[in-house]
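Single-letter residue listing:
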Amino acid sequence: MNIQLIKRKKGHVYKATIGSSKHRRTRNFLRKLDAQTWLARQLSSFNEKSNEREVQPVSFQELFRLFQTGYAEIQQQPGTRQREEEITKKHLLPYFGVRDVTKFKSKDIQQYLHFELRLGKRKPSTINKHFQVIHKVFAWAIKNGFMAFNPAVGVTKLPTKDTVYSPDYRFLEGKDLENALIKAREIYPKEFPVIFTAVSTGLRLGEVCALLRRDLFDSITNPVLAVRRTYCGKSKQFKNSTKGGKARIVPIGNQLLAGLKTLVVDKRDSDFIFFENEKEAAATWNNIRVKWKRVQKKCGIEPRSFHDLRHTYATQFLSHGGSSFALQRILGHSSAKITDKYSHFSQALLESSRNIVQYPGLPSQTLKRYTQNTPRK
């Protein structure tokens with residue numbers, strides 16, 4: 001269900017769409033308000049027809065138990081399953097509890113989102129993740145005949161801030177980054193290769209910790225790392241897939257390559273690039289984030305999280321002339337929309353746009369501040 005603005009030669013229209021690919025209905029409107037009204041009527045009509053189907057009462061607690069045994073334990077990754085189970089037990093079950101889900105309406109879920117927001121303990125983006133779990137559970141319930149319709153359809157997510165322009169978006173640059181890396185090499189020489197690899201490639205911490213010797217391809221013209229595994233902190237297991245479920249190739253510079261070659265050719269029994277065994281890799285995943293913040297404090301820098309090194313790499317990549325398309329492939333983003341949040345730092349975009357608007361009739365003199373003593377002509 002969405003409303004799309006379509007531009008035409010004789011103006012523009014709002015295209016309203018509802019339903020799946022098999023039962024999709026669309027209609028064009030000149031005003032957005034008319035499109036929203038039509039969607040609301042269509043959704044109300046659909047809910048009334050769906051309510052005519054006979055379904056047995058089931059509580060939210062019982063439905064989630066069935067969802068776990070019938071879907072989550074079979075098809076979901078252990079980390080995803082544990083994360084959604086934690087969200088449900090801590091937040092959803094205390095609120096919805098034994099309420100009959102077959103009588104749920106969209107307003108019930110909307111009220112939950114605003115209830116959590118009013119508590120002020122969680123960010124809107126975190127609360128939206130709770131909504132995703134609700135939507136997923138109800139969608140599964142419909143397919144398996146436990147519910148007649150999904151009350152999560154039509155619920156508006158909480159608005160979130162633009163991550164790039166919000167105060168929470170942080171990355172290191174310039175002297176701060178250089179000083180932090182030098183200090184890290186000085187006080188934590190064992191963990192420094194992990195830190196330097198993360199800021200030089202944009203890899204996630206779990207992906208760096210899971211790198212094996214065979215993942216380094218240094219004999220080709222352009223040396224690369226094959227990112228095929230990750231370490232999941234939730235399940236405390238190494239997985240033979242990345243967060244997005246797809247392997248990817250990440251280019252590496254000469255500075256990082258020289259260090260990695262030294263580690264790879266080192267005579268050790270371990271297959272890991274940085275560690276002796278899985279136990280050491282898991283321990284580093286747990287404590288390196290605290291050590292990285294400690295390094296920044298010693299440098300007089302406001303501490304950033306270890307994951308902010310990924311943001312640092314992305315902004316450095318674009319500000320030095322890299323393309324958004326290449327960055328999407330390197331970071332492993334499933335959609336270009338995720339990478340677009342870094343596009344504000346694209347050097348090519350800034351350079352091409354800097355001198356587009358000019359006023360030739362005005363003299364190119366230095367602007368001066370006007371004061372009472374400034375002589376007027």
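Use the structure listed above.
Now for a quick tour of the structure. (Residues numbered from 1 in each chain as written. Predicted model: local features only at pLDDT ≥ 70, side-chain atom pairs only at ≥ 80, totals over all residues. Heavy atoms only, no water.)

### Examining the environment of A148
Examined against the element boundaries, A148 turns out to sit in the loop between α5 (124-143) and α6 (174-187). Among the residues examined, A148 registers a relative accessible area of 9% and is labelled buried. Sequence separation between A148 and F138 is ten residues; the distance between their C-alpha atoms is 9.7 Å. (Helix = DSSP H or I, 4+ residues; strand = E, 2+ residues; numbered from the N terminus. Buried < 20%, exposed > 50% of the residue type's maximum accessible area, 1.4 Å probe, protein only.)

### Some points on helix α9 (residues 254-265)
Its twelve residues place the ends of α9 16 Å apart at the C-alpha level, agreeing with the 16 Å of an ideal helix rising 1.5 Å per residue. Listing the buried residues of α9 in full gives L256, L257, L260 and V264. Take α9 and look down its axis: the buried residues cluster within an arc of 100°, on one side only. Facing away from the buried surface of α9 by more than 90 degrees, the exposed residues are N254, Q255, T262 and V265. Structurally, α9 contributes buried residues whose contacts are with α7 (192-201), β4 (216-217) and β5 (224-227). (Expected span 1.5 Å × (residues − 1). Arc of directions from axis to C-beta. Contact = heavy atoms within 4.5 Å.)

### Looking at the sheet that holds β5
The three strands are arranged β4-β5-β8 in an open sheet whose pairing can be described as antiparallel. In this open sheet, the two strands that pair with only one neighbour each are β4 and β8 (248-251). In terms of strand pairing, β5 meets β8 through four bridges, oriented antiparallel. Each bridged residue has a counterpart across the sheet, and for L225 the counterpart in β8 is V250. (Pairing = 2+ DSSP bridges.)

### Remarks on the sheet that holds strand β3 (residues 25-29)
Strand order in the open sheet formed by three strands is β1-β2-β3, and the pairing between neighbours is antiparallel. On the outer flanks of this sheet lie β1 (2-8) and β3, each paired with one strand and no other. Sheet twist, expressed as the average angle between the axes of neighbouring strands with direction ignored, equals 25°. For strand β2 (residues 11-18) and β3, the ladder comprises five bridges, and the chain directions are antiparallel. Bridge pairing in β3 links K15 to N28. (Axes fitted to C-alpha atoms, helices over the stretch in contact; angles between N-to-C directions.)

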